[in-house]
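A look at the structure
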Amino acid sequence: MRPIRPGDQGPAVAEIRTVLAGLELLPAQAGGDDYDDQTERAVRAFQQSRGLSVDGRVGAETWRALDAARWRFGARALYHAVPEPLTGEDVRSLQERLLEMGYDVGRADAIYGIRTSRAVAQFQREMGLKPDGSCGPHTVNALRRLGRKVVGGRPQWLRESDAIRQAGPTLVGRTVVIDPGHGGTDPGVVVPDGTLHWTEADLVHDLASRLEGRLAAAGVRVQLTRGPSPGDCLPDADRAQLANSLGADVFISLHTDGHANPEAEGVATYHYGTDNGVTSATGERLAGLVQREIVARTGLRDCRTHAKAWELLRLTRMPAVRVEVGYLTSPDDRARLVDPRFRDRVVEAIVAGVQRMYLPIERDVPTGSIDVSELRAIVAASTVVD
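What this report covers is the structure whose coordinates are included nearby. If you're wondering where the values come from, they're calculated on a predicted model, not measured in any experiment.

Turning to the nonpolar core, a few remarks are in order. Core analysis: the largest hydrophobic core is formed by 50 residues, its most contacted members being Leu-20, Phe-46, Leu-94, Leu-98, Tyr-112, Cys-135 and Leu-143. For this core, the elements supplying multiple residues, two or more each, are α1 (11–22), α2 (37–49), α3 (60–68), α4 (89–100), α5 (114–126), α6 (137–146), β6 (267–272) and α11 (311–314). Take this core: its biggest share by element is five residues, from α1. Non-local contacts of Cys-135, meaning those with residues more than four positions away in its chain, are made with Phe-73, Arg-76, Ala-77, Leu-78, Leu-94, Tyr-112, Val-140 and Leu-143. With 42 residues, the next largest nonpolar core counts Leu-300, Leu-328, Leu-337 and Val-347 among its residues.

In structure tokens form, the structure reads like this:
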């Protein structure tokens, strides 16, 4: 869909204003179908609260988030529907409450799937309720009476950390999905530079191809979400679904950033997280490791790690990060990004970050100390022995 932006009018704008009023981000009596300054401020506040990109426009992802926000927890019965599962803010509230109480729903993705249904049934059995996996009035009341036992999803952190520890320290045999952002009809950030035009889609595909080679040499099975010249731009939800269908161990999305101010520069890495502290613990750790490795090996300004609820991060079931490798609109960052040797350093930093995620914390090594070529040598030696 074309993003709805300030200055637009029509029924879609009126619907957006109605939802925002229901969330108390606009006055209850707010009417009309004009996307005015007040509406833009409300949309920005909504995007900020939901961990979305704060641009004041209602694109496909913000529209879906607004649609999901219509549902408050307890307003309807929730159950596992096939083939189209129930989705909504009420589902996410339920999942986060169960996570805080120690039940395993996986990612709080706002989708009432089989894992959520099983967690609800387990809770119902322990409360003496009928364990049908549906969340009706009796289950809602029981959840509200108990309140929160654990804040921030600590049991989920233990589950994710244990899964990584049991997987072992080697990269051999892992499956990593690399996602070069944009592509097709969406070039991403485009910057003219004399007779040249640098595009985000082309640069991140080159980065992805180099990363594919380094990881494959370390014994990793690698899949890219797109080729160099796709016909269409794959939606983020479809990219996440591809990674899930492949049973990926790690998901890495590559982007460059852009800003109207050419002085904006630096690298930032994002992981899944919500505004109340529920997060992907292993995704957060991977983001921190990748961010520190890139800063140490490239000298890019450290814009730190951040929690976001983008569909790309929310819908993936494995540790997932999105890396914004510099600002293409910054002359300094652009001069680095167009240098193939610099892109090789970025790739080595990401490989080192992935390797460190699989090392037990007590065996972790200093940032910048892993020699990626040694990983290739280990794989080559094991192949000779076999």
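A word on the sheet that holds strand β8 (residues 320–327). Reading across from one edge, β4-β1-β5-β8-β6-β7 is the order of the six strands in this open sheet, with mixed pairing throughout. Across the chains shown, the open sheet's two edge strands, defined by having one partner strand only, are β4 (221–224) and β7 (302–308). Going across the sheet, the axis of each strand differs from the next one's by a mean of 20 degrees, ignoring polarity. The sheet contact formed by β6 and β8 spans four bridges and is antiparallel. Bridge pairing in β8 places Tyr-270 opposite Arg-322.

A few words now on the packing of α4 against α5. The contact between α4 and α5 brings their axes to 11 Å, and the two run at 55 degrees. With respect to α5, the axis of α4 lies oblique. Between α4 and α5 lies a crossing of left-handed hand. On α5, the residues touching Leu-94, Gln-95 and Leu-98 of α4 are Thr-116, Ala-119, Val-120 and Phe-123. Here the residues of the contact of α4 with α5 are counted per class, giving five nonpolar, two polar and no charged.

Let's shift gears to the environment of Arg-285. Considering the arrangement of structural elements, one finds Arg-285 in helix α10 (residues 281–298). Of the residues examined, Arg-285 reaches a relative accessible area of 24% and is grouped as partly exposed. Each C-alpha atom of the pair Arg-285 and Val-354 lies 9.9 Å from the other, and the pair is 69 residues apart in sequence. Setting aside anything within four residues of it in sequence, one finds Arg-285 in contact with Arg-356, Met-357, Leu-359, Ile-361 and Asp-364. Separated by 2.9 Å, the side chain of Arg-285 and the backbone oxygen of Met-357 make a polar contact.

Burial analysis of β8 places eight of its eight residues in the buried class, which makes it a mostly covered element. Across six bridges, strand β5 (residues 250–257) lies against β8 in parallel orientation. If you follow His-255 over to β8, its bridge partner there is Glu-324.

Rules and cut-offs
Residues numbered from 1 in each chain as written. Predicted model: local features only at pLDDT ≥ 70, side-chain atom pairs only at ≥ 80, totals over all residues. Heavy atoms only, no water. Core = buried A, V, L, I, M, F, W, Y, C linked by side-chain atoms within 4.5 Å. Buried < 20%, exposed > 50% of the residue type's maximum accessible area, 1.4 Å probe, protein only. Helix = DSSP H or I, 4+ residues; strand = E, 2+ residues; numbered from the N terminus. Contact = heavy atoms within 4.5 Å. Pairing = 2+ DSSP bridges. Axes fitted to C-alpha atoms, helices over the stretch in contact; angles between N-to-C directions. Parallel < 35°, antiparallel > 145°, perpendicular 65-115°, else oblique. Left-handed = near helix turned anticlockwise from the far one by under 90°. Nonpolar A, V, L, I, M, F, W, Y, C, P; charged D, E, K, R; others polar. Polar contact = N/O pair within 3.5 Å; in protein donor to acceptor, adjacent residues only side chain to side chain.

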